[in-house]
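Here are the chains, one letter per residue:
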Amino acid sequence: LKDRAFAQLFGSAVQSSVPMGAYGAWLTRDFLSMGVFFTAPPIVGDMIKEYTGSAQSGYYAAQIGLPLILQFVTCPLHLLGYDIYNNPNNSIRQRIQFLGKDYFKNVSIRMVRMAPPWSFGTIGNRSIRDHFHKTLDIMPRPINPTIIYNLST
């Protein structure tokens with residue numbers, strides 16, 4: 001809904017409805033983002049712990065790095081949704097030219113925007129949550145009961 005509102009507020013075209021292609025681009029962006037922001041860092045952190053020194057530092061490196069690296073993929077999806085909304089009759093060639101025009105500038109800005117909530121904010125949130133779980137003696141329920149990530153080692 002936020003993307004639709006931004007497209008309508010700042011777009012160059014006024015449409016009665018948002019094209020399904022724009023929604024598809026934004027949904028794909030969000031689906032990939034949530035997988036990488038929340039699911040991948042513990043897995044990747046565990047895989048790189050021998051290089052970082054511990055599972056916790058591996059998790060931190062993955063949680064900081066993965067959301068930023070993902071912007072190389074999700075930024076074009078983000079902009080594609082706006083291009084589909086604003087220029088519904090553009091050809092594939094025109095869309096590729098639009099996406100490539102300021103690619104690195106757009107990716108850089110999105111990296112700056114994504115770092116506080118999805119890299120550092122997620123680490124802070126997890127630390128606070130773990131603190132309260134320990135204080136209240138609550139064991140969090142893992143998503144997959146066969147895999148429990150112990151990041152304190």
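See the structure above.
Scope of this entry: the structure provided in the associated data block. (Residues numbered from 1 in each chain as written. Predicted model: local features only at pLDDT ≥ 70, side-chain atom pairs only at ≥ 80, totals over all residues. Heavy atoms only, no water.)

### Here's the deal with the overall build of the chain
Check the secondary structure of the chain and you find 5 helices and 0 strands. Burial status across the chain gives 31% buried among its 153 residues. Considering only residue pairs separated by 6 or more positions, the chain has 71% of its internal contacts joining residues 24 or more positions apart. (Helix = DSSP H or I, 4+ residues; strand = E, 2+ residues; numbered from the N terminus. Buried < 20%, exposed > 50% of the residue type's maximum accessible area, 1.4 Å probe, protein only. Contact = heavy atoms within 4.5 Å.)

### A word on the pattern of salt bridges
Applying the stated rule across the entire model yields 5 salt bridges. Across the pair Lys49 and Asp46 runs a salt bridge, and its minimum N-O distance is 3.0 Å. In this pair, Lys49 and Asp46 are both assigned in helix H2 (residues 20-52), 3 residues apart and thus about one turn of the helix distant. A salt bridge links Arg126 to Asp130; the nearest nitrogen and oxygen atoms lie 4.0 Å apart. One end of the pair is Arg126 and the other is Asp130, both in helix H5 (residues 103-135) and 4 residues apart, which spans about a single turn. (Salt bridge = Lys/Arg side-chain N within 4 Å of Asp/Glu carboxyl O.)

### Things to note about the packing of H2 against helix H3 (residues 55-86)
Working note: a packed helix pair is described by the angle between its axes plus the distance between those axes. Closest axis-to-axis distance for the H2/H3 pair is 6 Å, and the angle between their directions is 165°. Classified by the interaxial angle, the pair formed by H2 and H3 is roughly antiparallel. With respect to the hand of their crossing, H2 and H3 are arranged in right-handed fashion. In terms of residue class, the contact of H2 with H3 is made up of 24 nonpolar, 12 polar and 2 charged. (Axes fitted to C-alpha atoms, helices over the stretch in contact; angles between N-to-C directions. Parallel < 35°, antiparallel > 145°, perpendicular 65-115°, else oblique. Left-handed = near helix turned anticlockwise from the far one by under 90°. Nonpolar A, V, L, I, M, F, W, Y, C, P; charged D, E, K, R; others polar.)

### Remarks on the nonpolar core
With 7 residues, the main nonpolar core is built from Ala7, Val18, Ala22, Trp26, Tyr82, Ile84 and Tyr85. Those elements that place two or more of their residues in this core are H2 and H3. When residues in this core are grouped by element, the largest group, 3 residues, is from H3. Among all residues touching Tyr82, those that are not within four sequence positions of it are Asp3, Phe6, Ala7 and Trp26. (Core = buried A, V, L, I, M, F, W, Y, C linked by side-chain atoms within 4.5 Å.)

### Remarks on H5
Compared with the 48 Å implied by 1.5 Å per residue over 33 residues, the 46 Å span of H5 between its first and last C-alpha is a close match. The largest bend in H5 comes to about 55°, at Ala115, with the proline Pro116 one to four residues further on. Burial in H5 covers these residues: Val107, Arg110, Met114, Ala115, Ser119, Thr122, Ile123, Arg126 and His133. Buried residues belonging to H5 abut H2 and H3. (Expected span 1.5 Å × (residues − 1). Bend = angle between axes of the 7 residues up to and from the residue.)

### Notes on the side chain of Thr122
Take Thr122: it is sitting in helix H5. Relative accessible area serves as the criterion here: at 11%, Thr122 is assigned to the buried category. Residues within four places of Thr122 in sequence aside, it is in contact with Phe37, Phe38, Tyr59, Gln63 and Pro117.

### Overview of the packing of aromatic side chains
Using the criterion set out here, one finds 7 aromatic pairs in the structure. When the ring of Phe72 is compared with that of Tyr103, the centres are 6.4 Å apart and the planes differ by 45°; the resulting orientation is tilted. With Phe72 in helix H3 and Tyr103 in helix H5, the pair connects residues that are 31 residues apart, well separated along the chain. Feature note: the residues Tyr23, Trp26 and Tyr82 constitute an aromatic cluster, connected by ring pairs. (Phe/Tyr/Trp six-rings, centres within 6.5 Å; stacked < 30°, edge-to-face > 60°.)

### Remarks on H3
For H3, which comprises 32 residues, the first-to-last C-alpha distance of 45 Å matches the rise-based estimate of 46 Å (1.5 Å per residue) to within 8%. A bend of about 50° at Phe72 is the largest found in H3, and the proline Pro76 appears one to four places after it.

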